[in-house]
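Inside the fold
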Amino acid sequence: MWWALILTVVNAVLGPVRPLLIQETLDNQVANGDYNGLIWMTVIMIALLLFHTLIMFLQSYITSWLGQNVIEDLRNKVFKHISRLRLKYIDKTQVGTLTTRTVTDTETLADVFSQGVINIVGDFLQVLVIVVVMFYTDWKLSLASLSVLPILLISSYIFKEKVKQSFQEVRKYVQKLNAFVQEHVTGMQIVQIFNREEEELKRFKAINKEHRDANIKSVLYYAIFI
């Protein structure tokens, strides 16, 4: 976690450095015809780009590694918890639901560590550094550039609420799908004995369609927002 945070801070600082070097190169070396200075600045920018690439690779790898380790621990704890639940709860709860909780739902939590919290911190720091540099360079132009921020914040809030609702629906139908498949594969002999194959297929298609529609709704919100 600490290495991920350190690399995130370094990545945030390195982001605005390259544009500043380009500005320095254009204003001095290119404008004054300093060929040797241009070569040196180009070498420095390439070296900085390679270093920045290495930092981004390490950050991505470490945060993903962290997320997978957290998931491993969490799955063990969830399974241990389920194995100690009362039999009454086990009888009332579908096996597919418990499977979804243990396998699929914990998987989504990996994104919180690999793409969520740390990336949010990194993006916030990078924006902060960029805004400081912008105001230092030209505060009037910076205010004009940031004038769209209130609209962006309002649209982000609306997007967040809509996506939250759609993803809750997706999780619900994933749970339904897993529970349905688990129960019917386990009880396939009973389904076949009573000749219920076509009826159960129709039920499965209905749940699958609801799952598809919930996913498409979330995709629609993402497409509009982007």
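Residues numbered from 1 in each chain as written. Predicted model: local features only at pLDDT ≥ 70, side-chain atom pairs only at ≥ 80, totals over all residues. Heavy atoms only, no water.

1. A word on the nonpolar core
For the record, the criterion: Joining through side-chain atoms within 4.5 Å is the link that ties buried Ala, Val, Leu, Ile, Met, Phe, Trp, Tyr and Cys residues into a set, and such a set is a nonpolar core. Type-normalised accessible area, obtained with a 1.4 Å probe on protein chains alone, sets the label of each residue: buried when under 20%, exposed when over 50%, and partly exposed for intermediate values. Only DSSP runs of H or I covering at least 4 residues are called helices, and only runs of E covering at least 2 are called strands; the numbering of each starts at the N terminus. When checking whether two residues touch, look at their non-hydrogen atoms; a contact exists if any pair is within 4.5 Å.
Leu 7, Leu 14, Leu 21, Met 41, Met 45, Leu 48 and Ile 55 together form the largest nonpolar core, which totals seven residues. Elements supplying a minimum of two residues to this core: helix 1 (2–14) and helix 3 (35–83). Counting residues per element, this core draws most heavily on helix 3, at four residues. Each residue touching Met 41, except ones within four places of it in the same chain, is listed here: Leu 21, Glu 24, Thr 25 and Gln 29.

2. Quick look at the packing of aromatic side chains
For clarity, the cut-off: Under the pairing criterion, centres of Phe, Tyr and Trp rings, with the six-membered ring standing for Trp, must be within 6.5 Å; the plane angle then separates stacked pairs below 30 degrees from edge-to-face pairs above 60, leaving the rest tilted.
What the rule picks out here adds up to five aromatic pairs. A centroid spacing of 5.1 Å and a plane angle of 80° characterise the contact between Phe 159 and Tyr 222, whose relative ring orientation is edge-to-face. Here Phe 159 is found in helix 7 (residues 149–186), whereas its partner Tyr 222 is found in helix 9 (residues 197–225), with 63 residues between them in sequence. Taking relative accessible area as the criterion, Phe 159 reaches 16% and is therefore assigned buried. Overall, Tyr 222 belongs to the partly exposed group, its relative accessible area being 36%. When the ring of Phe 167 is compared with that of Tyr 222, the centres are 6.4 Å apart and the planes differ by 75°; the resulting orientation is edge-to-face.

3. Some thoughts on the pattern of salt bridges
The criterion, for reference: One speaks of a salt bridge when a side-chain nitrogen belonging to Lys or Arg is within 4 Å of a carboxyl oxygen belonging to Asp or Glu.
Applying the stated criterion to the full structure yields six salt bridges. A salt bridge links Lys 217 to Glu 169, with the shortest nitrogen-to-oxygen separation between them at 3.5 Å. With Lys 217 in helix 9 and Glu 169 in helix 7, this pair connects stretches of sequence that are 48 residues apart. Residue classification places Lys 217 among the partly exposed positions, given a relative accessible area of 31%. A salt bridge links Arg 203 to Glu 200; the shortest N-O distance between them is 3.0 Å. With a gap of three residues between them, Arg 203 and Glu 200 both fall in helix 9, about one helical turn apart.

4. Considering unusual backbone geometry
A positive phi angle, near 55°, is found at Asn 195, a position not held by glycine. Structurally, Asn 195 can be placed in the loop between helix 8 (188–193) and helix 9.

5. Comments concerning the packing of helix 2 (residues 17–30) against helix 3
Two measures define how a pair of helices packs: the angle their axes make with one another and the distance between the axes. Worth spelling out the cut-off: Axes, fitted as lines to C-alpha atoms, cover a helix only where it is in contact. Angles between the N-to-C directions of the axes lie from 0 to 180 degrees. Our angle categories are set so that under 35 degrees counts as roughly parallel, over 145 as roughly antiparallel, 65 to 115 as roughly perpendicular, and the remainder as oblique. Residues are grouped as follows: Ala, Val, Leu, Ile, Met, Phe, Trp, Tyr, Cys and Pro are nonpolar; Asp, Glu, Lys and Arg are charged; every other residue, Gly included, is polar.
Remark: helix 2 packs on helix 3, axes separated minimally by 10 Å, with the N-to-C direction vectors making an angle of 175°. By the angle class used here, helix 2 and helix 3 are roughly antiparallel. Along its contact with helix 2, which presents Val 17, Arg 18, Leu 21, Ile 22, Glu 24, Thr 25, Gln 29 and Val 30, the element helix 3 presents Gly 37, Leu 38, Met 41, Ile 44, Met 45, Leu 48, Leu 49 and His 52. A class-by-class count of the residues in the contact of helix 2 with helix 3 yields ten nonpolar, four polar and two charged.

6. Side note on the environment of Val 95
Mapped onto the secondary structure, Val 95 falls in helix 5 (residues 95–137). Separated by 57 residues in sequence, Val 95 and Leu 38 have C-alpha atoms that sit 67 Å apart.

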